[in-house]
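Next come the chains, spelled out residue by residue.
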Amino acid sequence: MNKIILLGNLTRDPEIRYNQGEKPLTVARFDLVVNRKYAKEGEDRADFFHYVAFGKQALEFAERKNSSN
């Protein structure tokens, strides 16, 4: 399995939703912008990543976001 770690900034507040169906499910959506470290001189480069987390990972993300406010 490969592993990647991205360090960047959130572009806006994450959207956190709770599904109230037969099996409750937490869904977190967020966008991350990562500046390129090896851009040519004088050029600003950034990559945007769109994430959706479900279940336990989304719930942990929501708890960390709420505890930091």
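**Some words on the overall build of the protein chain**
Next, step 1: Across its full length, the protein chain carries 1 helix and 4 strands.
Next, step 2: Along the protein chain, helices (α) and strands (β) appear in the sequence β-β-β-β-α when read from the amino end.
Next, step 3: Counting only residues that meet the buried cut, the protein chain has 19% of its 69 residues in that class.
Next, step 4: Partitioning the contacts of the protein chain with sequence separation of at least 6, the portion at a separation of at least 24 is 41%.

**Here's the deal with a nonpolar patch on the surface**
Next, step 1: A cluster of nonpolar side chains, namely Leu25, Val52 and Phe54, defines an oily patch on the protein surface of about 250 Å² accessible area.
Next, step 2: When you line up the elements, Leu25 lands in strand E3 (residues 25-35).

**Points about the side chain of Thr26**
Next, step 1: With respect to the helices and strands, Thr26 occurs in strand E3.
Next, step 2: Since its relative accessible area comes to 10%, Thr26 is described here as buried.
Next, step 3: Apart from residues no more than four positions distant in its own chain, Thr26 is found in contact with Ile16, Arg17, Tyr18, Ala53, Phe54, Gly55, Ala58 and Leu59.

**Looking at the packing of aromatic side chains**
The description of an aromatic ring pair rests on the distance of the ring centres and on the angle between the ring planes.
Next, step 1: Inspection of the entire model under this criterion finds 2 aromatic pairs.
Next, step 2: Aromatic pair Phe30 and Tyr51: ring centres 5.3 Å apart, planes at 20 degrees, arrangement stacked. Taken together, the residues Phe30 in strand E3 and Tyr51 in strand E4 (residues 46-54) connect sequence positions 21 residues apart.
Next, step 3: For Phe30, a relative accessible area of 17% translates into the label buried.
Next, step 4: Put simply, the rings of Phe30, Phe49 and Tyr51 touch in pairs and so form one group of aromatic residues.

**Let's talk about the nonpolar core**
For soluble globular proteins, the rule of thumb is that nonpolar side chains tend to be buried together.
Next, step 1: In terms of nonpolar packing, the biggest core is built from 5 residues, these being Ala28, Phe30, Ala53, Ala58 and Phe61.
Next, step 2: For this core, the secondary structure elements donating two or more residues are E3 and helix H1 (55-68).
Next, step 3: The contacts of Ala28, once residues within four sequence positions are left out, are Glu15, Ile16, Tyr51, Val52, Ala53, Ala58 and Phe61.

About the thresholds
- Residues numbered from 1 in each chain as written.
- Predicted model: local features only at pLDDT ≥ 70, side-chain atom pairs only at ≥ 80, totals over all residues.
- Heavy atoms only, no water.
- Helix = DSSP H or I, 4+ residues; strand = E, 2+ residues; numbered from the N terminus.
- Buried < 20%, exposed > 50% of the residue type's maximum accessible area, 1.4 Å probe, protein only.
- Contact = heavy atoms within 4.5 Å.
- Patch = residues over 30% accessible without salt bridge, like charges linked within 9 Å, V, L, I, M, F, W, Y side chains within 5 Å.
- Areas by Shrake-Rupley, 256 points an atom, 1.4 Å probe, with all protein chains shown as cover.
- Salt bridge = Lys/Arg side-chain N within 4 Å of Asp/Glu carboxyl O.
- Phe/Tyr/Trp six-rings, centres within 6.5 Å; stacked < 30°, edge-to-face > 60°.
- Core = buried A, V, L, I, M, F, W, Y, C linked by side-chain atoms within 4.5 Å.

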